[in-house]
Each structure stands twice: as C-alpha cells, then as structure tokens.
Amino acid sequence: MNDEKLQATFNQQAASAYDSQWARLAPFRDALHLLASAVLAGLPADARILCVGAGTGAEILSLAEKFPGWRFTAVEPSAPMLDVFRRKAQEQGIASRCTFHEGYLDSLPSCEPFDAATSLLVSHFILQQDERTGFFRGIRQRLCPNGILINSDLTSDTDAPHYGALLEVWMRTMAGADLSQEKLEQMRTAYRRDVAILAPEMVAGMMASGGFDRPVQFYQCGLIHGWFARAA
Ligand SMILES: C[S@@+](CC[C@H](N)C(=O)[O-])C[C@H]1O[C@@H](n2cnc3c(N)ncnc32)[C@H](O)[C@@H]1O
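Here's what I pulled together on the structure shown here. Here the structure is a predicted model, which means the values were calculated and not measured.

Some remarks on the site of the ligand
Next, step 1: Around the ligand sit 20 residues in total, of which Leu-6, Gly-53, Glu-59, Glu-76 and Leu-120 are the nearest.
Next, step 2: A distance of 3.1 Å separates an oxygen atom of the ligand from a polar atom in the side chain of Tyr-18.
Next, step 3: Glu-59 places a polar side-chain atom, nitrogen or oxygen, 2.8 Å from a nitrogen atom of the ligand.
Next, step 4: Contact with the protein chains hides 95% of the accessible area of the ligand, taken as 600 Å² for the molecule alone.
Next, step 5: Taken together, the residues of the shell around the ligand sort by class into 14 nonpolar, 3 polar and 3 charged.

Brief notes about unusual backbone geometry
Next, step 1: Positive phi, normally seen in glycine, also occurs at Leu-121, with a value near 65 degrees.
Next, step 2: Looking at where Leu-121 falls in the secondary structure, it is placed in the loop between β4 (114-120) and α6 (129-141).
Next, step 3: Judged by its relative accessible area of 17%, Leu-121 falls in the buried class.

Some words on the packing of aromatic side chains
Next, step 1: Evaluation of the coordinates by the stated rule reveals 7 aromatic pairs.
Next, step 2: Between Phe-67 and Trp-70, the ring centres sit 3.9 Å apart and the planes meet at 5 degrees, which makes this aromatic pair stacked.
Next, step 3: Ring geometry for Phe-85 versus Phe-100: centroids 5.3 Å apart, planes at 50 degrees, classification tilted. Of the two residues, Phe-85 sits in helix α5 (residues 79-91) while Phe-100 sits in strand β3 (residues 98-102), which places them 15 residues apart along the sequence.
Next, step 4: Phe-85 sits in the buried class, given a relative accessible area of 0%.
Next, step 5: When its relative accessible area of 23% is taken as the criterion, Phe-100 is described as partly exposed.

Criteria and cut-off values
Residues numbered from 1 in each chain as written. Predicted model: local features only at pLDDT ≥ 70, side-chain atom pairs only at ≥ 80, totals over all residues. Heavy atoms only, no water. Near = heavy atom within 4 Å. Polar contact = N/O pair within 3.5 Å; in protein donor to acceptor, adjacent residues only side chain to side chain. Areas by Shrake-Rupley, 256 points an atom, 1.4 Å probe, with all protein chains shown as cover. Nonpolar A, V, L, I, M, F, W, Y, C, P; charged D, E, K, R; others polar. Helix = DSSP H or I, 4+ residues; strand = E, 2+ residues; numbered from the N terminus. Buried < 20%, exposed > 50% of the residue type's maximum accessible area, 1.4 Å probe, protein only. Phe/Tyr/Trp six-rings, centres within 6.5 Å; stacked < 30°, edge-to-face > 60°.

That's the geometry; what it means functionally is another story.
What follows is the structure, encoded as structure tokens:
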C-alpha cells in the first residue's frame, strides 16, 4: 500500500472508529498482548521498545501497564491514528514514557538501539515482498544485538483448499452477523488487492531474510499469526 492509499485508509474517520471496530476482536487482541508480554518479560526494567505501526497505541498501552519502567517509541505514518494514541497516552498517564514519531521508520532520528520492537498487523500492508523484507531489516537495524521482534500479520495460504472456508469464518467474526455473498466477495477482493496475505512460512521467511534468527510462531487466531524472533 503506497503512502497515499495508507493515508486514505487510516484517515480521521478510520482513526476515530478504529478502536470500536476492533472491540469485537478484543479477545484475539488481548490474547496476543498477553503472550507478547510473556515473550518480552525477561527484558531489563528500563527497556526501550520500538513500536512500528503503533496505530492507536493498543500494544503500547498494554505493555506500559505491565512494565512501568519501560519507554516506548511509537512510529506511525497516519497523523489521525497517532493523535488518538497521544490522547490515550495522556489520559492513561504514560505520555512522558513515550516518543511519538509521525512518519515511517526510515525518518526516525537515530538513537540508542532498542531492546525490542513490535510490529502488529502492519507488514501485511506492504505488498512487494522485497519491500516487506526491507521493512524487517529496517527494524533489525534499530535493535540491540539479540533484541527481540514481535510481529503479527493477517496470514494464510490463500491457494490452499481450506482458505475459502477459513476466510468466511474470519469475515463473519469481524462482521458479527450474516454476510451476504456480495459483501463477502467485496471483502475477498479488498484482501487480495490491498493486503498481502501470504502463507505463514513466507512471512517467517521474510523476517529471517530481514536479519532475524528463526522466527517462533507463538500465536494464531483466525487469520492472524504472530511470531517472535531475535536479531541475528
Ligand atoms: C491495522 S493498524 C495496527 C495498529 C496497532 N499496531 C494495533 O495492533 O492495533 C496498522 C497501522 O500500521 C500503520 N502502517 C502501515 N504501514 C506501515 C509502515 N510501512 N510503517 C509503519 N506503519 C505502517 C498504519 O498507519 C496503521 O496505523
């Protein structure tokens, strides 16, 4: 997805509706955050965490509550999404522990390496595979040796015979009601056109090519898969 499309997708309206839309999937998200905090639990008490595609800050708010000494850098190209997060960070009293960077990772000023990074539901928006590998490489370059990346994406083998049935269950979960065939077809097209849903092995392979040791898949819920991996 190019910058223009991304700005249109995560515009003012989408940013204000984002959290309520995701409320239906809160159990999925809570499970991902719960496991992610277990993956990162061994980090120092003053760890620095890079959150790429922080959106409205869900993962930061969750981690900040569990680890009160950690500091966070939120990298987010959509100003409306970042504004929502900034407001929530102020309301929850964590703004002083956060750096808010409006833009992509390559424009983040250089700084001390991070102990860990998160990229939750972000890399699937990068349609070109070499760019997606470059995205992981960019994160790798910002981490300490042995630093940890947690990545999650919409992922599936879309050529597999089971994909149609899985997608329908996924769509129904998100829509929460009976879906017309027409609506289902529209969503299918949007997924094909705007989101790079690839087989789990391919996403893990791109993380590895980006400079991470063998990714460990620790999470799956519907189409969302999650991995952690250490900087090689
Ligand atoms: C689906 S939201 C996920 C937000 C948050 N991580 C969460 O789990 O709720 C994806 C976010 O990634 C951002 N994004 C998309 N492509 C990006 C990229 N290449 N680099 C950084 N952020 C990106 C979007 O602007 C959007 O806010």
